[in-house]
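The lines below spell out each chain.
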Amino acid sequence: MKMKKILFSMFLMLTPTLMMAERADYCIIPQPKSVQTDTTQVFVLRAGMGIAYDSSNPEIARNVQFLRQWVEELTGIKLQLTPADKKAAVRFSIGFPADKKNKKAKKGQKVPELTEQQQEAYAITIDKNGINIQARQPIGFFRAAQTLRKSLPLPAADRSFIAVEFPYTKITDEPRFVYRGAMLDCARHYFPLETLKRYIDVMALHGCNQFHWHLTEDQGWRFEVKSLPELAKQGSVREETVIGRNTGVYDGQRYGGYYTQAECRELVNYAAERYINIIPEIDLPGHMMGALHVFPNLGCTGGPYPVWPQWGVSRDVLCAGNPETLTFLKTVVGELCDVFPSKFIHIGGDESPRDRWKQCPKCQAKLKELGLEKESQLQTYINHEMEVFLRERGRDMIGWDEVLEGGLTEGGIVMSWRGINGGIEAAKQHHRVIMSPTTFCYIDYYQLKDQGRQPLGIGGYLPVSKVYSFEPLIPDQLSEEEQQYILGPQVNLWCEYVAYPQHAFYMLLPRLDAISEVQWCRPDQKDYEGFKTRLPRMLKLYDKLGINYCHQIE
Ligand code: ACM
Ligand code: ZN
């Protein structure tokens, strides 16, 4: 055995620089809960070594394939698949020994149910026996494989390693928040499915688990509704787009694109394999010019309504007094539920001006009929109809924090965006909350002070350091009991000014790195200086994967 080692070391020394051995480094983002490393000893992983796993479980097999593919893609090292009962360098084993001990010790006592975060937990032990990965569920293997992927050394372009040295370590990990989201606005600009898959890959690399897909807007309707075929066909196309920030000058180019239901299903499956749920959003009753263009009878004035070529919020919204409005919404959201299995469905609810409702005889008659006092309550009435409709389909409704204004219906979830106050109020009322305040989570804002050095954006200033500093539980304003209602944080990428994939990733990264530590790590684990030392390895990985990012951080 010793001789083998000596021979291997000599071989390493003699091989040309094209083939090298380098060390893994567990300083990754988001930082795992506990990492205990002994850098004086290493396990050497070489091409041809095996990964042992239970091949009768297709979900485990898929995660093994991910790890195998990532190791080869990044280092050039090919690993072999091996049955679970064979000796191998890398081993996937289901179950934590500590769980069995706990069960024994607590015989007769009720064992507390594991949280969703505990279901995601994993442990990686690296010692002389190799790399042993343990998880309670297959999802834990995926998280562990991502951790190993991010720990790999990266050879220079066109080179590969013949071996990777893994310092001995014991890593145990699980996320802090159950909800770890990122939103992409595909309504102001349409992004191809391949870009969305990339977005999901990048989210998964950071341990995110909820992709909020903003699908409809004043500027375009992007979801195919089969029973209303003209809706996406016509509602997705605007005649032209304003240049810059509503300059009054237009580009004269027709712009459009929508997602067929088949494409949506393809993306749902792609995301699910990466443990990401897709929450679709149909923004209602405002931001509806895409739909009003096709169905002008659903507006208070009767139209005509163009698909908006400029940015901002239209005063024309769905008529709350027209019974056809609810029929339309239920048709659309019904098909949405058929396509998206998500427990959460987003119905928007933001920025819906009440001007037309104040003037509209149908809306005013509805107000009287329902015995309501103000127009905002008409929105609550629509929300309530949609919430019941969704609940009948086993879904929970999410709305932007405006949905609190007329009184939030029971079971609704608030997405707090106009600061944190909506979230605080909702948690105090015992509604579940997703925290995505503009102040910490709006990644459409500039990330550098010097705006001249960035592509044109909506404004604002949200540097990486500010994203990193976010604490979603607001401990000085919420009791421990109220904090339980905060599901987690989310970043939002609005795309009025983001028209191309390269630009979207530039806006996303590395701010997603920062939010991923807010989402994943406990406050006592967070450390911005440490984060900055870990970030360069992630950026090198983005280079290797060909993903764009902002090269400067503030
Ligand atoms: C929003 O940013 N209008 C939710
Ligand atoms: Zn009306």
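Right above here is the structure, for reference.
This part covers the environment of phenylalanine 531. Structurally, phenylalanine 531 is set in helix α20 (residues 528-545). Accessibility expressed as a relative area gives 0% for phenylalanine 531, which makes it buried. A sequence separation of 502 residues divides phenylalanine 531 from isoleucine 29, and the C-alpha atoms of the two residues are 7.5 Å apart.

A pair of packed helices is captured by two measures, namely the crossing angle of their axes and the spacing between those axes. For the pair helix α5 (residues 138-151) and α20, interaxial distance at closest approach is 10 Å and the crossing angle is 90 degrees. As the angle between them shows, α5 and α20 are arranged roughly perpendicular. In contact with Arg149, Lys150 and Ser151 of α5, α20 contributes Arg537, Met538, Leu541 and Leu545. Here the residues of the contact of α5 with α20 are counted per class, giving 3 nonpolar, 1 polar and 3 charged.

Once that is clear, we can look at the packing of aromatic side chains. Within the structure shown, the criterion is met by 26 aromatic pairs. Seen in terms of ring centroids, tryptophan 400 and tryptophan 494 are 5.7 Å apart; in terms of plane orientation they differ by 45 degrees. Their pairing is tilted. With a gap of 94 residues between them, tryptophan 400 in strand β15 (residues 396-400) and tryptophan 494 in the loop between β18 (486-493) and α18 (501-508) connect regions that are remote in the sequence. Tryptophan 494 carries the same exposure label as tryptophan 400, and that label is buried.

A cis amide bond, omega -10 degrees, links isoleucine 29 with the succeeding residue proline 30. Secondary-structure assignment places proline 30 in the loop between β1 (19-23) and β2 (34-46). Between leucine 509 and proline 510 the backbone carries a cis peptide bond, its omega angle lying at 5 degrees. For proline 510, the location among the structural elements is in the loop between α18 and α19 (511-520). Unusually for a residue other than glycine, histidine 287 sits at a positive phi of about 55 degrees. Of note, histidine 287 is situated in the loop between β13 (277-281) and α9 (289-294). Positive phi values are uncommon outside glycine, yet glutamate 351 reaches one of about 40 degrees. Turning to its location among the elements, glutamate 351 is positioned in the loop between β14 (344-346) and α11 (355-359). The exposure class of glutamate 351 is partly exposed, given its relative accessible area of 31%.

Relative to the helices and strands, arginine 315 is located in the loop between α9 and α10 (323-339). Since its relative accessible area comes to 46%, arginine 315 is described here as partly exposed. In contact with arginine 315, not counting residues within four places along its chain, are Pro353, Asp355 and Arg356. Within polar-contact distance, the side chain of arginine 315 engages the side chain of aspartate 355 at 2.9 Å.

Here we come to the coordination of the zinc ion (ligand 2). Those protein atoms acting as donors to the zinc ion (ligand 2) are Cys300 (SG), Cys319 (SG), Cys360 (SG) and Cys363 (SG), and they sit at 2.3 to 2.4 Å. Taken together, the 4 donor atoms surrounding the zinc ion (ligand 2) define angles of 107 to 114 degrees at the centre, an arrangement classified as tetrahedral. Read N to C, the donor residues that coordinate the zinc ion (ligand 2) are spaced as C-x18-C-x40-C-x2-C. Here cysteine 319 lies in the loop between α9 and α10 and cysteine 300 lies in the loop between α9 and α10, a separation of 19 residues in the sequence. You can call cysteine 319 buried: its relative accessible area is 1%.

For the second largest pocket, the calculated volume is near 480 Å³. Lining the second largest pocket are 21 residues, with Glu116, Asn209, Gln210, Asn277 and Phe344 positioned closest to its centre. At the level of secondary structure, the elements contributing two or more residues to the lining of the second largest pocket comprise α4 (116-119), α5, α8 (261-273) and β13. Its residues assigned to classes, the lining of the second largest pocket comprises 11 nonpolar, 5 polar and 5 charged.

This next bit is on the pattern of salt bridges. Under the defined criterion, the tally for this structure stands at 31 salt bridges. Between glutamate 120 and arginine 180 there is a salt bridge; the shortest N-O distance is 2.7 Å. Of this pair, glutamate 120 sits in the loop between α4 and β6 (122-127) while arginine 180 is found in the loop between β8 (160-173) and β9 (181-185), placing the two residues 60 residues apart along the sequence. Side by side, glutamate 120 and arginine 180 carry an identical accessibility label, which is buried. Ionic pairing is found between aspartate 401 and arginine 418, a salt bridge with its closest N-O pair at 2.6 Å.

Calculation notes
- Residues numbered from 1 in each chain as written.
- Chains lettered and ligands numbered in written order.
- Predicted model: local features only at pLDDT ≥ 70, side-chain atom pairs only at ≥ 80, totals over all residues.
- Heavy atoms only, no water.
- Helix = DSSP H or I, 4+ residues; strand = E, 2+ residues; numbered from the N terminus.
- Buried < 20%, exposed > 50% of the residue type's maximum accessible area, 1.4 Å probe, protein only.
- Axes fitted to C-alpha atoms, helices over the stretch in contact; angles between N-to-C directions.
- Parallel < 35°, antiparallel > 145°, perpendicular 65-115°, else oblique.
- Contact = heavy atoms within 4.5 Å.
- Nonpolar A, V, L, I, M, F, W, Y, C, P; charged D, E, K, R; others polar.
- Phe/Tyr/Trp six-rings, centres within 6.5 Å; stacked < 30°, edge-to-face > 60°.
- Polar contact = N/O pair within 3.5 Å; in protein donor to acceptor, adjacent residues only side chain to side chain.
- Donors = N, O, S within 2.8 Å, 3.2 Å for Na, K, Ca; no water.
- Tetrahedral: all angles 85-135°; square planar, octahedral: opposite > 155°, others 65-115°.
- 1 Å grid on protein atoms, 1.4 Å probe; cavity = no way out; pocket = protein on both sides within 12 Å on 5 of 7 lines; lining within 4 Å.
- Points joined across faces, edges and corners; volume = space filled by probe spheres on them.
- Salt bridge = Lys/Arg side-chain N within 4 Å of Asp/Glu carboxyl O.

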